Amino acid sequence: MTSDIAAQRADHKQDGLHQRATLKTLLFQLRAFIVLILLFAFFSVYSDSFLQPGNLIILTKQVAINALLGIGMTFVILAGGIDLSVGSIVGLCGMIAGGLINEGLVLPMFGVVVYFNVWIVMLITLVVGMIIGFANGIIITRFNVAPFIVTLGMLYVARGLALLRNNGATFPNLVGDPALANTGFPTLGTGTFIGLPFSIWIMVAVGLLAVFLTLKTPFGRQVYAIGGNERAALLSGVRVKNVKTITYVISGLCSALVGLIITSQLVSSHPATGTSFELNAIAAVVLGGTSLVGGRGTIGGTIIGAFVIGVLNNGMIIEGVSSFWQTVITGVVIIVAVIIDQIQQKLQERSVS
Amino acid sequence: MSEKTLSERTSNNAYNSQPLLETRGVSKRFGAVQALMRVDFEVYPGEVIALVGDNGAGKSTLIKGIAGIYGFDEGEVLFEGKRVHIHSPREASALGIEVVYQDLALADNLDVVSNMFLGREWTEDTSIGASLNARRRGLARIFRNLLPMREVSMEKQAVSTLNELAVTTLGSVRLPVASLSGGQRQSIAIAKAVLWNSRVVILDEPTAALGVAQTRQVLNLVRRLAEKDLGVVVISHNLHDIFEVADRITVLRLGQKVQTYLTQETNQAEVVHAITAGQLNAIPGMEQ
């Protein structure tokens, strides 16, 4: 009996320590947001044009691309995986959308060419992105190949297919033809709603949906569980293979969405679009405080991470920093973010034990 | 021979009812190694039965076979008197058999409630009964997993289960499991098994990594499970703990059952002797 009380006392002591450490850990957890505010304040003071609405919209438009890829990547990384193929899927999906608008779907066996409405084109493109993600997921979970290897392979496969689609050439001028009833594709990239480009609204909508999925649904809970302890998830009856596969499907879907947005903004699709986008997306995820081993991180963090990279790049361009130095500085910021993340982990462990 | 004595001894108490879980003559071979040889084992409702034996005696093999991690080569498993075939841990839990593994199988990054409901989260479309019984398939299940969870109901249920089991030292059921002590984690893992109306709970070395006070907590908890009329199987190397908590003790040696003892009618010396030098029906490697 006495020992029970002793144990309880020890537990209460633990609680006290926990609370004392909370403020410190809270500051650490909000670090990406704090960095973002500092960067924002810095460039607002030192540059006249940074705070111009026009510049902020351009900035957010660029951020939206990376944030969308980062959101898909966050699901994959939370479940302990990695997806290196997103940049190539962006390129391939852009080429598929461009091809469907300019050349239609050629069906040699029937000797006909089918042109689709722009909505159908976008739908097909999104489905293609999901199929590639599904392929990633199936190979990783059913054949037990490391995600790094599978998605690296898919990076090459998808890029190769993108180049093959039109022999390495671009599909220019994707305005469609009124006679074929497939006009209107550029609206996705150039249209606005309450003054903001569609891509920003898409980022907001996808972001909210992703927050809901991660925090409120069994699926999200299971994604975190798999990243935290895959064996525990399996023994608890979680369909680990299915859940992991779905994370890659989400990543593929986000990549296809980005492929459509970029293609529409440029009104042409180029097979090299999206090269090295996967690395920017991973950088945003890591800056946002998501652990690369899985199980810890948030969608909000990733979006903030994407903004940090966006503000940094935008501000440095305005300030006329050499683009070579920009690359160096971005890299340093990412490394520092991971170091701070490690310190936070140690801090939390100490506050617990 | 020994079985007969046991049934005579126990004929006047609970043990003449039907066992909850029973294995009859189960064997398992891994290549050249005969891990289990014609083992009979039964668990009655409301008892704690200990499974002891040296390393390699076949304790884990027996448990993993019952839990559906792999199948037995021969023999049969009966649950509540009916012959069953268990092919996966999920099928075992559907029957009402839960295993609490030595490394606890908790996700450290999730809180207590999330861990207890992991893989069986309640969502807006499910009444409590439906989520316990219905095993949804395919797309319907994927769709269900995208509905909002009923956090408040889950939290209430978790708290009430923990209270029922008198697990009261937790500060909050929303703390990540990583921040809990070993005894608390073990209690959560056991409570998780109980939450799902299980009939048989199998505990693999429940006190192995615990201090004195925490061991006490967990042993008390194990007794409370039996009081709730569950069948409890405890695997342990610690004879002191076993004599404190178990009603019966089954000794395995080299893949065979030596004997089942009533705790009240035996002593540590006899059990140790059975573990190290118990009489076997067949000498491994010498049978035809």
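Every value quoted in this text rests on a predicted model; they were computed, and no experiment measured them.

The rules behind these values
- Residues numbered from 1 in each chain as written.
- Chains lettered and ligands numbered in written order.
- Predicted model: local features only at pLDDT ≥ 70, side-chain atom pairs only at ≥ 80, totals over all residues.
- Heavy atoms only, no water.
- Helix = DSSP H or I, 4+ residues; strand = E, 2+ residues; numbered from the N terminus.
- Rg over C-alpha atoms; globule rule 2.2 N^0.38 Å.
- Buried < 20%, exposed > 50% of the residue type's maximum accessible area, 1.4 Å probe, protein only.
- Contact = heavy atoms within 4.5 Å.
- Lys, Arg positive; Asp, Glu negative; His and termini not counted.
- Charge placed at Lys NZ, Arg CZ, Asp CG, Glu CD.
- Expected span 1.5 Å × (residues − 1).
- Arc of directions from axis to C-beta.
- Pairing = 2+ DSSP bridges.
- Axes fitted to C-alpha atoms, helices over the stretch in contact; angles between N-to-C directions.
- Salt bridge = Lys/Arg side-chain N within 4 Å of Asp/Glu carboxyl O.
- Right-handed = clockwise from strand over helix to strand, strands pointing away.
- 1 Å grid on protein atoms, 1.4 Å probe; cavity = no way out; pocket = protein on both sides within 12 Å on 5 of 7 lines; lining within 4 Å.
- Points joined across faces, edges and corners; volume = space filled by probe spheres on them.
- Nonpolar A, V, L, I, M, F, W, Y, C, P; charged D, E, K, R; others polar.
- Core = buried A, V, L, I, M, F, W, Y, C linked by side-chain atoms within 4.5 Å.

Draft legend 1. Structural context of the overall build of chain A. In terms of regular secondary structure, chain A is built from 14 helices and four strands. In summary, chain A has a C-alpha radius of gyration of 23 Å against a globular reference of 20 Å for 353 residues, a match within 12%. For chain A, the C-alpha atoms occupy an extent of roughly 85 × 55 × 35 Å along the three principal directions. Across the 353 residues of chain A, 48% fall into the buried class. Within chain A, residue pairs in contact and separated by at least 24 positions form 76% of the contacts whose partners lie at least 6 positions apart. Taking the 18 positively charged and 12 negatively charged side chains of chain A as two groups, their mean positions are separated by 9 Å.

Draft legend 2. Region of the structure containing helix H7 (residues 151-164) of chain B. With 14 residues, H7 of chain B should reach 20 Å at 1.5 Å per residue; the first-to-last C-alpha distance of 20 Å fits that figure. Buried within H7 of chain B are the following residues: Glu151, Met154, Ala158, Thr161 and Leu162 of chain B. Viewed end-on, H7 of chain B has its buried residues packed into an arc of 100°, placing them on one side of the element. Summarising the geometry of H7 of chain B, the exposed residues directed more than 90 degrees from the buried face are Val152 and Lys156 of chain B. Along its buried surface, H7 of chain B packs onto helix H8 (198-216) and helix H9 (218-228) of chain A together with helix H4 (112-116) and helix H8 (182-195) of chain B. Positioned one or two residues after H7 of chain B, Ala166 of chain B has a phi angle of 60°, which is positive.

Draft legend 3. Just the sheet that holds strand S8 (residues 231-235) of chain B, in detail. Residue and element names in this part refer to chain B. Here we have six strands laid out as an open sheet, ordered S6-S7-S8-S3-S9-S10, and mixed in their pairing. In the strand order of this sheet, the two ends are held by strand S6 (97-100) and strand S10 (256-262), each with one partner. Within the sheet, the average angular offset between the axes of one strand and its neighbour, ignoring direction, is 20°. Pairing geometry for strand S7 (residues 200-204) and S8, over five bridges, is parallel. For Leu203, the partnering residue across the bridge sits in S8 and is Val234. Packed onto the sheet, helix H2 (residues 59-67) meets strand S3 (48-52), S6, S7, S8 and strand S9 (248-253) and runs at close to 130° relative to S3. Against the sheet, H8 makes contact with S6 and S7, and its axis sits at roughly 170° relative to S6, the strand it touches most.

Draft legend 4. Expanded view of the pattern of salt bridges. The tally for this structure, following the rule as stated, stands at 17 salt bridges over all chains. Residues Glu22 of chain B and Arg24 of chain B are paired through a salt bridge, measuring 3.2 Å at the closest nitrogen-oxygen approach. With a relative accessible area of 39%, Arg24 of chain B lands in the partly exposed category. A salt bridge links Asp73 of chain B to Lys28 of chain B, with the shortest nitrogen-to-oxygen separation between them at 3.8 Å. Here Lys28 of chain B lies in strand S1 (residues 21-30) and Asp73 of chain B lies in the loop between H2 and strand S4 (74-79), a separation of 45 residues in the sequence. Residue Asp73 of chain B is classed as partly exposed on the basis of its relative accessible area of 46%. It is possible to trace a salt-bridge network through shared partners that takes in Arg221 of chain A together with Asp111, Glu151, Glu155 and Arg174 of chain B.

Draft legend 5. Looking closely at the pairing of S7 of chain B. All names here are of chain B. Within S7, five of the five residues are buried, which leaves the element mostly enclosed by the surrounding structure. Neither face of S7 is open: one carries Val200, Ile202 and Asp204, the other Val201 and Leu203, and all of them are buried. As defined by bridge partners, S6 adjoins S7 across four bridges and the pair is classed as parallel. The residue of S7 that forms the bridge with Val100 is Leu203. Of the crossover connections in this fold, the one passing from S7 over helix H9 (residues 212-227) to the parallel S8 is right-handed.

Draft legend 6. Looking closely at unusual backbone geometry. All names here are of chain B. One non-glycine residue, Glu205, lies in the positive phi region at around 50°. Considering the arrangement of structural elements, one finds Glu205 in the loop between S7 and H9. Even without a glycine there, the phi angle at Leu254 is positive, about 50°. With respect to the element layout, Leu254 can be found in the loop between S9 and S10. What makes Leu254 partly exposed here is its relative accessible area of 43%.

Draft legend 7. Summary view of the layout of surface pockets. Residue and element names in this part refer to chain A. For the second largest pocket, the calculated volume is near 540 Å³. Lining the second largest pocket are 23 residues; nearest its centre among them are Gln62, Asn66, Asn280, Ile309 and Asn313. The residue makeup of the lining of the second largest pocket, split by class, is 10 nonpolar, 12 polar and one charged.

Draft legend 8. Geometry of the sheet that holds strand S5 (residues 82-84) of chain B. Residue and element names in this part refer to chain B. Ordered in space as S2-S1-S4-S5, the four strands form an open sheet in which the pairing is antiparallel. Two strands in the sheet have a free side with no partner beyond their single neighbour: strand S2 (33-43) and S5. With strand direction ignored, the average angle separating the axes of adjacent strands in the sheet is 30°. Two elements, S4 and S5, share three bridges in a ladder whose sense is antiparallel. In the strand pairing of S5, Phe79 is matched with Lys82.

Draft legend 9. Highlighting the nonpolar core. Counting residues in hydrophobic clusters, the biggest one holds 65 residues, and the most contacted among them are Phe75 and Phe185 of chain A. Those residues in contact with Phe185 of chain A that lie beyond four places of it in its chain are Ala97, Ile101, Val118, Met122, Leu174, Leu260, Thr263 and Ser264 of chain A. Ranked by size, the runner-up nonpolar core spans 53 residues in total, among them Met149, Leu180, Ala189 and Val234 of chain B.

Draft legend 10. Fine view of the pairing of S4 of chain B. Residue and element names in this part refer to chain B. Note that S1 and S4 share five bridges and pair antiparallel. Residue pairing for S4: Leu21 is matched across the bridge by Phe79. Hairpin connection, S4 to S5: the antiparallel pair is bridged by two residues, and Glu80 has positive phi, about 50°.

Draft legend 11. Focus on empty space enclosed by the protein. Applying the stated rule across the entire model yields five cavities of 30 Å³ or more. Around the second largest cavity sit 19 residues that line it, and Leu235 of chain A together with Glu98, Val99, Tyr101 and Lys192 of chain B are the ones nearest its centre. Looking at the lining of the second largest cavity, the elements with two or more residues in it are helix H10 (230-235) of chain A together with helix H3 (89-95), S6 and H8 of chain B. Per-element tally for the lining of the second largest cavity: the top contributor is S6 of chain B, with four residues. Partitioned by chemical class, the residues of the lining of the second largest cavity number 14 nonpolar, two polar and three charged.

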